[in-house]
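Breakdown of the fold
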Amino acid sequence: MRYLILSDIHANLEALEAVLALAPASSFDRLLVLGDIVGYGADPNAVVDCVRSLSPHVVIRGNHDKVAAGLADAESFNATARVSAEWTSQHLTAANRAYLASLPAGPHACDEDVEVCHGAPYDEDAYIFEHDDALHALEQMTRPLGFFGHTHVQIGYWLSADAFDVIVPESDFDSTLFVESDRRYLINPGAVGQPRDGDPRAAFAEYESGTRELKLRRAPYDVALAQTKILEAGLPEGLARRLGVGK
Ligand code: ZN
């Protein structure tokens, strides 16, 4: 079984298209989308349309999807996120808003091996930045391989009977690791549409259950075009600027 794992696309059509050019969804058995399909970027409808057209095996909601769909208020958002959420909500078509409103909350077990969540298995809106939180998440998981998003940082953690460690991807190459059967893994594929780990390229992950190969990948994309669209839409300038530095 081949899985393509995408998180935090954030209405960035250029980034999504670049990922799908490198890793066509048709060459995978299962597409998993971990939420925050919209928010921040200038193409919410085109990105939702694209995700819907790919008929993912699993899509769960992110905090930005909830606010854009009117299921939650933007109280916990900073000023920039609030402005972009309002803009997104105003620009979504009724059909796409209804689609986002229909997305289930994580965690979600995809099959016997894999589960997904947006933030953490114990709270869809919690951020996993600290080792303690990663450990807690690994203990809560009901499957040996869990994927999460929300932090926009490509990273992994594993836990065995007597050890815990962090997986830091290579900076210049795609990273491949083999999933050991006596460990649990918690993997963040990184953000497709707004990376914050210092690498502006779109981030994503692939997993092949037959060979147990997990790849953490990056796709260069037309950042300048995504930035121009953000500025032309009248969205906050900082949202364009941060795409250029991946922070
Ligand atoms: Zn996000």
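Above this text sits the structure in question.
Residues numbered from 1 in each chain as written. Predicted model: local features only at pLDDT ≥ 70, side-chain atom pairs only at ≥ 80, totals over all residues. Heavy atoms only, no water.

1. As for the coordination of the zinc ion
Using the following cut-off: In this analysis a donor is any N, O or S atom within 2.8 Å of a metal ion (3.2 Å for sodium, potassium and calcium), and since water is not included, sites may seem incomplete. Going along the chain from the N terminus, every DSSP run of H or I of four or more residues is numbered as a helix, and every run of E of two or more is numbered as a strand. Burial classes follow relative accessibility: with a 1.4 Å probe on protein chains only, a residue under 20% of its type's maximum area counts as buried, one over 50% as exposed, and anything between as partly exposed.
The protein atoms that coordinate the zinc ion are D8 (OD), H10 (NE2), D36 (OD) and H152 (NE2), at distances spanning 2.1 to 2.3 Å. Of note, the zinc ion draws all its donor residues from one chain, in the sequence arrangement D-x1-H-x25-D-x115-H. Highlighted residues: D36 in the loop between β2 (30-33) and α2 (44-53) and H152 in the loop between β6 (145-147) and β7 (155-159), separated in sequence by 116 residues. The pair D36 / H152 is uniform in exposure class, with both members buried.

2. So, the pattern of salt bridges
When charged atoms on two side chains of opposite charge get close, those side chains can pair. Quick note on the threshold: We define a salt bridge as a side-chain nitrogen of Lys or Arg found within 4 Å of a carboxyl oxygen belonging to Asp or Glu.
Enumeration according to the criterion identifies twelve salt bridges in this entry. Between D43 and K229 there is a salt bridge whose closest N-O contact spans 2.8 Å. Here D43 is found in the loop between β2 and α2, whereas its partner K229 is found in helix α7 (residues 223-232), with 186 residues between them in sequence. With relative accessibility at 17%, the residue D43 sits in the buried group. E206 serves as the salt-bridge partner of R217, at 2.7 Å between the closest nitrogen and oxygen. Here R217 is found in strand β12 (residues 213-219), whereas its partner E206 is found in strand β11 (residues 202-208), with eleven residues between them in sequence. Judged by relative accessible area, which is 14%, R217 ranks as buried. Overlapping salt bridges bring together R2, D174, E206 and R217 as one network.

3. Things to note about the sheet that holds β11
Quick note on the threshold: One requirement defines pairing of two strands: DSSP has to find at least two bridges between them.
One open sheet accounts for six strands, arranged β3-β2-β1-β11-β12-β9; its pairing is mixed. Each of the sheet's edge strands pairs with one partner strand only, and the pair in question is β3 (58-59) and β9 (175-178). Across two bridges, β2 lies against β3 in parallel orientation. If you follow V33 over to β3, its bridge partner there is V59.

4. Digging into the nonpolar core
Stated formally: Take the buried Ala, Val, Leu, Ile, Met, Phe, Trp, Tyr and Cys residues and link them wherever side-chain atoms come within 4.5 Å; each set so joined is a nonpolar core. What makes two residues a contact is simply this: any of their non-hydrogen atoms within 4.5 Å.
If you look at the biggest cluster of nonpolar residues, it comprises 47 residues, and the most contacted ones within it are L16, I37 and L100. Considering every element that reaches this core, the biggest residue donor is helix α1 (residues 13-22), with six residues. If we ignore the near neighbours within four places in the chain, the residues touching L100 are I37, V38, V48, D65, A69 and L92. In this structure, V58, L177, A205 and Y207 belong to the second largest nonpolar core, which totals 21 residues.

5. Observations concerning the packing of aromatic side chains
Note the cut-off: Only Phe, Tyr and Trp rings are paired, with Trp represented by its six-membered ring, and only when their centres lie within 6.5 Å; those with planes under 30 degrees apart are stacked, over 60 edge-to-face, the remainder tilted. Distance and angle both matter: a charge sits over a ring if NZ of Lys or CZ of Arg is within 6 Å of the ring centre and within 35 degrees of the ring normal.
According to the stated counting rule, one finds three aromatic pairs in the structure shown. Measuring from ring centre to ring centre gives 6.2 Å for Y157 and F164, while their planes differ by 10°; the resulting arrangement is stacked. According to the relative accessible area criterion, F164 is partly exposed, its value standing at 26%. Seen from the ring of F28, R2 lies directly overhead, with NZ or CZ sitting 4.5 Å from the centre. Its guanidinium or amino end placed over the ring of W158, R183 lies 3.6 Å from that ring's centre, counting from NZ or CZ.

6. Considering the side chain of S7
Residue placement: S7 occurs in the loop between β1 (2-6) and α1. Owing to a relative accessible area of 0%, S7 belongs among the buried residues under this scheme. With near-sequence residues (within four places) excluded, S7 lies in contact with L34, G35, G149, H150, P189, G190, A191 and V192.

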